[in-house]
Amino acid sequence: MADRLERRLTTILAADVAEYSRLMRADEEATLSALAACRAIIDAFVAEHRGRIANTAGDSVLAEFPSVAEALSCALAIQPAIAKENEHLSPERRMRFRMGIHLGDIMIKDGDLFGDAVNIAARLQALAEPGGICVSATVREHVGTRVMAAFTDAGAQQVKNIDEPVRVFRVAPIGTAPSDAAPSVGVLTGPPLPDKPSVAVLPFANLSSDPEQEFFADGIAEDIITALSRYPSLFVIARNSCFTYRGRAVDVKQVGRELGVRYVLEGSLRKVGHRIRVTAQLVEAETGNHVWAERYDRDLADIFAVQDEITEAVTTAIAPAVADAEQQRAMRKPPGSLDAWAAYQRGLWHLSKANAKDNAQAEEFFQQAIDLDPTFAGGYKALALARNNAGAVYQTRSLQEAAASAEALARRAVALDGADAEARARLGMTLWMRADYEGALAEVQRALTISPNLAYAHGIRGSTLVFSGRPKEGLASLETCIRLDLRDPNLAARLNHLALGLYFCREYEAAIEAAKRAIRSYPNHPMAYRWLAAALGQVGRIEEAREALDKAMAIAPASFETYVRGQVPWFRPEDHAHWLEGLRKAGWQG
């Protein structure tokens, strides 16, 4: 008996073989054999990602998945596996699939899928390059950051038998190029990539009819080069090399090869009346994928002020975007193939999860980075932070042991690279944690002199000021830190200290909102529940306060005892007493 017709929302993946007819005409038997091998790969990955093959006909495959993340992860896994399967074939015999993914309402009858959503997935597949993947805007929106991939907006496309245009995004793994792409002929090879992310800032194009704006465009590019050069985590190409590309039609992949860089920043300037528009985009040179893009519209009342403002905005956006892209590159590498930089990036990814298990994994990766390259300051400064977290937050190490280890590691990082602003700020953190507030602020100031827009340094300055009796000043620095880098792996600490700073200022309602903000982002981080309970106790919301207190005591009981009874070194006695006052009003019986 036939299954009844049903409807449901699902994610559809449509795939077919590029130039299948040509392959069959050339050699039917070899093509069918290659197709069978590719189908086996597809079937295995679909099953692994909880999908279901709904239909296969000739060279095409139609599958459905319970989520967009599973469907896209599956497609990203299939494409390199098929490319590897094809390695032994000559380029003209390789079987390359095009894939399209869409989320929509479908009809199912006898196991087959029907409806506009299926048609859209098929049209997206037809728009994909051989070996490529296209997704709809719906998929792009729903997948968010759950899948590590590079998305390129291909705009709205009018497709057959669909009334409304479909907005299309091309998708590729971050940090990879198509594995079966033919090498370019006659391309000059440039220097090898350095051991940290490298950036070339090209001269901004003047799209105005006013030639005077050429100087403004050059000024922005030069200032961005200067500002980015202050980030020790980046390798930035000098102006003279970058400006050889002025006035030329630029291929970013060629720029990447010639200058030996992974990322290229390009932009343009257009002036209309008293308004100016500057656009900038950061491109991964190897793949041509956009990592970041933004547009800035400003009045030209003070041209130098506008130049400074745009330079700061672009610079503070690029550094976190590169850091995020580097982490995603590292996460795609097998653990056994990590070099020191990739191990460091993997550790940062785990550190950002802000829980005890991931912090322990971060420690392992940072130690691996040190073992792979004992001269790499990044491994030491990152391990210092993870060790500190282990003692001060998660109680997986004794507080005294963790503090001593963190300080020694931070000092080793500074000794290896005294110009590393983050290492200086990390040393500042370890000094603050033993209540050497003046020493901490001195190291942070050295860090900010080297790199004025280093978010981490502003964060440590803010925390030090909050705990040293200057909470209002500290709150301003914490806000600056968060504005500079919303993807900071230490964001949980920043949000917690915002709540605590507001509590110390006796702004209890604001402290409650700040603590809830921290909990929404990091529900398993133990600190924010403590400040929330105390602030709720202070304003008399006792039932809510008791609930927060119970959570604070249950989520990390050993840490709670250490903080409330042991008075950790960086708490001033009067601040500690003020906090316990709120906890007692919340129902704590200590």
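Presented here is an overview of the structure given in this document. This one's a predicted model, so the numbers in the text were calculated from it and none came from an experiment.

1. Considerations on the overall build of the protein
- Helices and strands together make up the secondary structure of the protein, namely 23 helices and 14 strands.
- In terms of C-alpha radius of gyration, the protein reaches 27 Å, essentially the compact-globule figure of 25 Å for 590 residues.
- C-alpha atoms of the protein, sized along the principal axes, occupy 85 × 70 × 50 Å.
- Looking at the protein as a whole, 53% of its 590 residues qualify as buried.
- Look at the contacts in the protein between residues 6 or more apart in sequence, and 64% of them connect residues 24 or more apart.
- Of the accessible surface of the protein, which amounts to about 26,200 Å², a share of 51% is contributed by carbon and sulfur atoms.
- Taken together, the 67 basic and 75 acidic charged side chains of the protein have centroids lying 2 Å from each other.

2. Examining unusual backbone geometry
- Of note, Glu 19 is a non-glycine position whose phi angle comes to about 55°, a positive value.
- Positionally, Glu 19 belongs in the loop between strand S1 (6-17) and helix H1 (20-26).

3. Topic: the packing of aromatic side chains
- Taken as a whole, this structure holds 14 aromatic pairs when the rule is applied.
- Summarising the aromatic geometry, the rings of Tyr 344 and Phe 376 are spaced 5.3 Å apart at their centres and angled 90° between planes, so their arrangement reads as edge-to-face. Of this pair, Tyr 344 sits in helix H10 (residues 340-351) while Phe 376 sits in the loop between helix H11 (356-372) and helix H12 (377-392), placing them 32 residues apart in sequence.
- Note on Tyr 344: relative accessible area 6%, which makes it buried.
- An aromatic cluster is present here, built from Trp 432, Phe 467, Tyr 503, Phe 504, Tyr 508, Trp 531, Phe 571 and Trp 579 joined pairwise through their rings.
- For the cation-ring pair, Arg 412 lies above Tyr 380, with the distance from its terminal atom to the ring centre recorded as 5.8 Å.
- Above the ring of Tyr 456, the side-chain terminus of Arg 426 is found at 4.3 Å from the ring centroid.

4. What about helix H22 (residues 557-566)?
- Listed as buried for H22 are Ser 559, Phe 560, Tyr 563 and Val 564. Projected down its long axis, H22 carries its buried residues within an arc of 115°, all on one side.
- Residues of H22 that are buried make contact with H12, helix H20 (527-538), helix H21 (542-555) and helix H23 (573-586).
- Looking one or two residues beyond H22, the residue adopting positive phi is Gln 567, at roughly 50°.

5. Details of empty space enclosed by the protein
- Under the defined criterion, the tally for this structure stands at one cavity of 30 Å³ or more.
- Volume-wise, the largest cavity comes out at about 370 Å³.
- Looking at the lining of the largest cavity, the elements that each hand over two or more residues are H12, helix H14 (421-433), helix H16 (455-467), helix H18 (491-504) and H20.
- Per-element tally for the lining of the largest cavity: the top contributor is H18, with five residues.
- Looking at the lining of the largest cavity, its residues break down into 20 nonpolar, six polar and one charged.

6. Remarks on the state of the cysteines
- Per the stated rule, a full pass over the model turns up zero disulfides.
- Cysteine Cys 38 shares no disulfide, and the gap to the nearest cysteine sulfur, in Cys 74, comes to 14 Å.
- Just so you know, Cys 481 is unpaired, no disulfide at all, and the nearest cysteine sulfur is the one on Cys 505, 17 Å from it.

7. Some points on the pattern of salt bridges
- For the structure shown, the criterion picks out 24 salt bridges.
- Salt-bridge contacts for Arg 52 lead to Glu 64; the nearest nitrogen and oxygen are separated by 2.8 Å. One end of the pair, Arg 52, is in strand S2 (residues 52-57); the other, Glu 64, is in strand S3 (residues 60-65), and 12 residues separate them in sequence.
- Given the relative accessible area of 5%, Glu 64 is considered buried.
- Each of Glu 363, Arg 387, Arg 397 and Glu 401 takes part in one network of salt bridges that share partners.

8. Considering the pairing of strand S12 (residues 263-272)
- In this structure, strand S9 (residues 198-201) lies alongside S12, joined through three bridges in parallel fashion. Looking across to S12, one finds that Ala 200 is bridged to Val 264.
- Pairing between strand S10 (residues 205-206) and S12: two bridges, direction parallel. Paired with Ala 205 across the strands is Ser 268, a residue of S12.
- Bridge count between S12 and strand S13 (residues 275-284): 10 bridges; the pairing is antiparallel. From the neighbouring strand, Glu 266 faces S13, where its bridge partner is Gln 281.

9. What about the packing of H21 against H23?
- It is at 8 Å that the axes of H21 and H23 come closest, and there the two elements cross at 110°. The orientation of H21 relative to H23 falls into the category roughly perpendicular. For the pair H21 and H23, contact is made by Ile 542, Ala 545, Arg 546 and Leu 549 and by Leu 583, Lys 585 and Ala 586, respectively.

10. Here we look at the nonpolar core
- If you look at the biggest cluster of nonpolar residues, it comprises 96 residues, and the most contacted ones within it are Phe 366, Trp 432, Phe 467, Trp 570, Phe 571, Trp 579 and Leu 583.
- Residue contacts for Leu 583: discarding those within four places in its chain leaves Arg 530, Ala 533, Ala 534, Leu 549, Phe 560, Val 564 and Trp 588.
- Core analysis: the second largest hydrophobic core is formed by 45 residues, Val 199, Val 201, Tyr 231 and Val 283 among them.

11. Regarding the side chain of Asn 86
- Among the structural elements, Asn 86 can be located in the loop between helix H3 (68-85) and strand S4 (97-109).
- Residues in contact with Asn 86, not counting those within four places in the same chain, are Cys 38, Arg 93, Arg 94 and Met 95.

The rules behind the values
Residues numbered from 1 in each chain as written. Predicted model: local features only at pLDDT ≥ 70, side-chain atom pairs only at ≥ 80, totals over all residues. Heavy atoms only, no water. Helix = DSSP H or I, 4+ residues; strand = E, 2+ residues; numbered from the N terminus. Rg over C-alpha atoms; globule rule 2.2 N^0.38 Å. Buried < 20%, exposed > 50% of the residue type's maximum accessible area, 1.4 Å probe, protein only. Contact = heavy atoms within 4.5 Å. Areas by Shrake-Rupley, 256 points an atom, 1.4 Å probe, with all protein chains shown as cover. Lys, Arg positive; Asp, Glu negative; His and termini not counted. Charge placed at Lys NZ, Arg CZ, Asp CG, Glu CD. Phe/Tyr/Trp six-rings, centres within 6.5 Å; stacked < 30°, edge-to-face > 60°. Lys NZ or Arg CZ within 6 Å of the ring centre and 35° of its normal. Arc of directions from axis to C-beta. 1 Å grid on protein atoms, 1.4 Å probe; cavity = no way out; pocket = protein on both sides within 12 Å on 5 of 7 lines; lining within 4 Å. Points joined across faces, edges and corners; volume = space filled by probe spheres on them. Nonpolar A, V, L, I, M, F, W, Y, C, P; charged D, E, K, R; others polar. Disulfide = S-S within 2.5 Å. Salt bridge = Lys/Arg side-chain N within 4 Å of Asp/Glu carboxyl O. Pairing = 2+ DSSP bridges. Axes fitted to C-alpha atoms, helices over the stretch in contact; angles between N-to-C directions. Parallel < 35°, antiparallel > 145°, perpendicular 65-115°, else oblique. Core = buried A, V, L, I, M, F, W, Y, C linked by side-chain atoms within 4.5 Å.

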